[in-house]
Amino acid sequence: MTYLAFLALCIVRPTFLWPMRRCPTGAAAPCPTLRRPFMLLTISTDHRPATDLGYLLHKNPSTHHRADFGFGRAHVVYPEASPERCTAAVVVDVDPVGLVRRRGPRGSDFSLGQYVNDRPYATSSFMSVVLGKVFSTAMAGRSKERPELVEQAIPLNARLPVTPCRGGEEVAHRLFEPLGYEVTAQAIPLDLRFAEWGDSQYVDLTLTATVTLKGLLEHLFVLLPVLDDDKHYWVGPDEIDKLLRRGGDWLSEHPERELITRRYLRHDRQLAREALSRLTEEELEDPEEAEARYDAQEQAVEKPINLNQQRLDAVLRAVRASGACRVLDLGCGEGKLVGELLRAQGIERVVGMDVSVRMLEVAARRLHLDTMAPSQRARVDLFQGSLTYRDARLVGFDAAVVVEVIEHLDPSRLGSFERAVFGYARPSTVIVTTPNVEYNARFVSLPAGAFRHRDHRFEWTRAEFANWCEQISTRHGYTVVPSGIGPEDATVGAPTQMAVFSR
Ligand code: SAH
């Protein structure tokens, strides 16, 4: 057992404890030799075999895992790992002095407050950031070794020995009980030696439920900063996406969703209003799923006929034929088409949107946005957003192109896509392309029945695409002209299908 695992066990199993001191604020310093207090979360299960927890968390129980952050270092260790019971401990060692040096004073005009504060041990947004990084795969609901367990509710217990709880223990009950947890929130006295001083604002929190591990991690990720009612970093509009990504499945039904949203967004009224309206009015998508990666696979399948270039050319021709001056590239990926549109004559403004920040970074690099001449730079913008949400930034364009994107959306999200693009943004022209699945038989490198890309949720026949296009045109007052891109085969048609909608 590593030293850290031993320390964690001291807290998980009080019987194991040797003389333990508490800081006046309630922070547990489990042994006199520990340099400073630390933040602790343990997750235990007695699901059999309990060591499956390691597979679910993507952290091998026999290894000591470390990850560095701007504010300190996080460790994941397993104080116990047997078939009957397994506990993973997340220990966060916050460097309070480094924190002040890097970020400047926060939250207190009291200068000593920069050094004497609860951040090193109170479970707060630091823990959320750590969970989001060290358990990102588990939170996304992926497990290579135990895929069947990901969706399975298992008995889980989370213990957070020093949890700030603004508003009192009752808030912990209000936040976690509607999610099915049995909650024990024991107030921690300000000082064990002076009972008359009363309780601190911290509770020793234990959450027990039969839930999926992904669910537990998401609940903690969102609700820890809510309990603390604070965040250690600046909160901007991208926090809404984070909130919806982690809370999408449960937040809209939560009776405290307003409190959660307000506190999570640090009481920024406008952000909270936007988040709530997105939560309650819109169908929610899982952007993790939507974060489709446009890697080399599809290009490799289609390369022999250089379909990518043919597609770009066909879409460009259609945009120019529409006479559009202001063009949106929705699901712009690495920005190839954005670049071509910028070079095309008559196009004044090009805006690329994608759900993936990573793709947008690639696009910005490829387009050399940072060194572009100011006049050129003023013509182009890239931003993150999801095609399944109504977005005011998409209104006021002449044309929108959606090239090889719809097949990355879950079929259940196509209705939201339709409402966001055809119902709300409503450009005069919408150009959509998608694979023609009938043509797949002609790709020699593609196994029978396989899609062209592993992230494709579907690939349609010509009849299926035509039917979808017809329904959209009827519902939203567009006319549609379908066509094919690439070599036309007498039996199976062209490899790519394109539809040009106009109104
Ligand atoms: N249009 C580009 C990229 C196609 S790959 C091209 O033709 O080269 C599909 C792209 O759609 C990816 O970049 C993916 O991140 C993006 N995407 C997937 N779901 C999305 C959504 N809900 N909203 C916006 N973009 C999405």
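Data block above holds the structure.
Figured I'd write up the structure that's included with this text. Just so it is clear, the model here is predicted, and its values are computed rather than measured.

Looking at the element boundaries, Glu239 is found in helix H9 (residues 238-247). Here Lys242 takes part through its side chain, which lies 2.7 Å from a polar atom of the side chain of Glu239.

On to the pairing of strand S9 (residues 199-211), then. Strand direction decides the pairing type here: strand S7 (residues 154-164) and S9, joined by nine bridges, are antiparallel. When the bridges of S9 are listed, Pro155 appears paired with Thr210. Here strand S8 (residues 182-189) pairs with S9 via seven bridges, running antiparallel. Within the sheet, the bridge partner assigned to Ala187 lies in S9 and is Val203.

Right, let's get into the packing of aromatic side chains. For the coordinates displayed, the defined rule picks out eleven aromatic pairs. Each ring, one from Phe176 and one from Tyr181, has its centre 5.7 Å from the other, and the planes form 90°; the classification is edge-to-face. Residue Phe176 is classed as buried on the basis of its relative accessible area of 0%. A centroid spacing of 6.3 Å and a plane angle of 35° characterise the contact between Trp460 and Phe465, whose relative ring orientation is tilted.

Below, the discussion takes up the sheet that holds S7. The seven strands are arranged S4-S5-S6-S3-S7-S9-S8 in an open sheet whose pairing can be described as antiparallel. Either end of the sheet is taken by a strand with one partner, and the two such strands are strand S4 (65-69) and S8. Mean inter-strand twist for the sheet, computed between neighbouring axes without regard to direction, equals 15°. Where strand S5 (residues 72-81) lies against strand S6 (residues 86-94), eight bridges are found, and the strand directions are antiparallel. From the neighbouring strand, Arg73 faces S6, where its bridge partner is Asp93. In this fold helix H8 (residues 213-228) packs onto strand S3 (39-45), S7 and S9, with an angle of close to 15° to the strand it touches most, S7.

Next up on the list: the side chain of Ser143. Topologically, Ser143 is positioned in the loop between helix H5 (136-139) and helix H6 (147-150). Ser143 gets classed as buried once you look at its relative accessible area, which sits at 8%. Within polar-contact distance, the side chain of Ser143 engages the backbone nitrogen of Arg146 at 3.1 Å. Setting aside residues no more than four positions away along its own chain, Ser143 makes contact with Tyr55, Leu56, His58 and Val150.

This part covers the sheet that holds strand S15 (residues 479-485). Read across the sheet, seven strands follow the order S12-S11-S10-S13-S14-S16-S15 without closing on themselves; strand pairing throughout is mixed. Where the open sheet ends on each side, the last strands, each with one partner, are strand S12 (380-384) and S15. On average, each strand axis in the sheet is tilted by 15° relative to the strand beside it, whichever way the strands run. Two strands pair when backbone bridges link them, and strand S11 (residues 349-354) and S12 are joined in this way by five bridges, in the parallel orientation. Paired with Met353 across the two strands is Phe383, which belongs to S12. Sitting on the sheet, helix H19 (residues 462-476) touches strand S14 (429-435), S15 and strand S16 (496-502), and the angle it makes with S16 is about 10°.

A few words on the packing of helix H7 (residues 169-176) against H8. Axis separation between H7 and H8 bottoms out at 11 Å; the angle between their running directions is 150°. In terms of their interaxial angle, H7 and H8 are classed as roughly antiparallel. Crossing hand, H7 versus H8: right-handed. Contacts from Val171, Ala172, Leu175 and Phe176 in H7 reach His219, Leu220, Leu223, Val226 and Leu227 in H8. Each residue belonging to the contact of H7 with H8 can be placed in one class, and the counts come to eight nonpolar, one polar and no charged.

Look at helix H4 (residues 125-134) against H8: their axes get within 8 Å of each other, and the N-to-C directions meet at 165°. Our classification of the angle between H4 and H8 gives roughly antiparallel. As H4 runs across H8, the sense of the crossing is left-handed. Contacts between H4 and H8 involve Ser125, Met127, Ser128, Leu131 and Gly132 from the first element and Leu220, Phe221, Leu224 and Pro225 from the second. Class assignment for the residues of the contact of H4 with H8 results in six nonpolar, three polar and no charged.

A word on the pairing of S16. The element S16 is extensively covered by neighbouring structure, given that six of its seven residues are classed as buried. In this sheet, S16 lies alongside S14 in antiparallel orientation, the contact comprising seven bridges. Residue pairing in the sheet places Thr429 in a bridge with Ser502 of S16. In this structure, S15 lies alongside S16, joined through seven bridges in antiparallel fashion.

A few words on the environment of Asp398. With respect to the helices, strands and loops of the structure, Asp398 is situated in the loop between S12 and strand S13 (399-403). Considered as a pair, Asp398 and Leu328 are 70 residues apart in the sequence and their alpha carbons are 8.2 Å apart. For Asp398, the contacting residues outside a window of four places in its chain are Ala324, Cys325, Arg326, Pro427, Ser428 and Thr429. There is a polar contact of 2.8 Å between the side chain of Asp398 and the backbone nitrogen of Arg326.

What follows covers the pattern of salt bridges. A complete count under the given rule lists 17 salt bridges for this structure. When the shortest N-O distance is used, the salt bridge between Arg442 and Asp489 registers 2.7 Å. Taken together, the positions of Arg442 in the loop between S14 and H19 and Asp489 in the loop between S15 and S16 put the pair 47 residues apart, joining distant regions of the chain. Counted as one network, the salt bridges with shared partners bring together Glu170, Arg174 and Glu256.

Looking now at the environment of Gly141. Structurally, the position occupied by Gly141 is in the loop between H5 and H6. In this structure Gly141 comes out as partly exposed when scored by relative accessible area, which is 22%. Measuring from C-alpha to C-alpha, the distance between Gly141 and Lys214 comes to 5.8 Å, with 73 residues separating the pair along the chain. Aside from chain neighbours lying at most four places away, what touches Gly141 is Val150 and Lys214.

Criteria and cut-off values
Residues numbered from 1 in each chain as written. Predicted model: local features only at pLDDT ≥ 70, side-chain atom pairs only at ≥ 80, totals over all residues. Heavy atoms only, no water. Helix = DSSP H or I, 4+ residues; strand = E, 2+ residues; numbered from the N terminus. Polar contact = N/O pair within 3.5 Å; in protein donor to acceptor, adjacent residues only side chain to side chain. Pairing = 2+ DSSP bridges. Phe/Tyr/Trp six-rings, centres within 6.5 Å; stacked < 30°, edge-to-face > 60°. Buried < 20%, exposed > 50% of the residue type's maximum accessible area, 1.4 Å probe, protein only. Axes fitted to C-alpha atoms, helices over the stretch in contact; angles between N-to-C directions. Contact = heavy atoms within 4.5 Å. Parallel < 35°, antiparallel > 145°, perpendicular 65-115°, else oblique. Left-handed = near helix turned anticlockwise from the far one by under 90°. Nonpolar A, V, L, I, M, F, W, Y, C, P; charged D, E, K, R; others polar. Salt bridge = Lys/Arg side-chain N within 4 Å of Asp/Glu carboxyl O.

So far we have only geometry, and geometry alone does not tell us how the molecule works.
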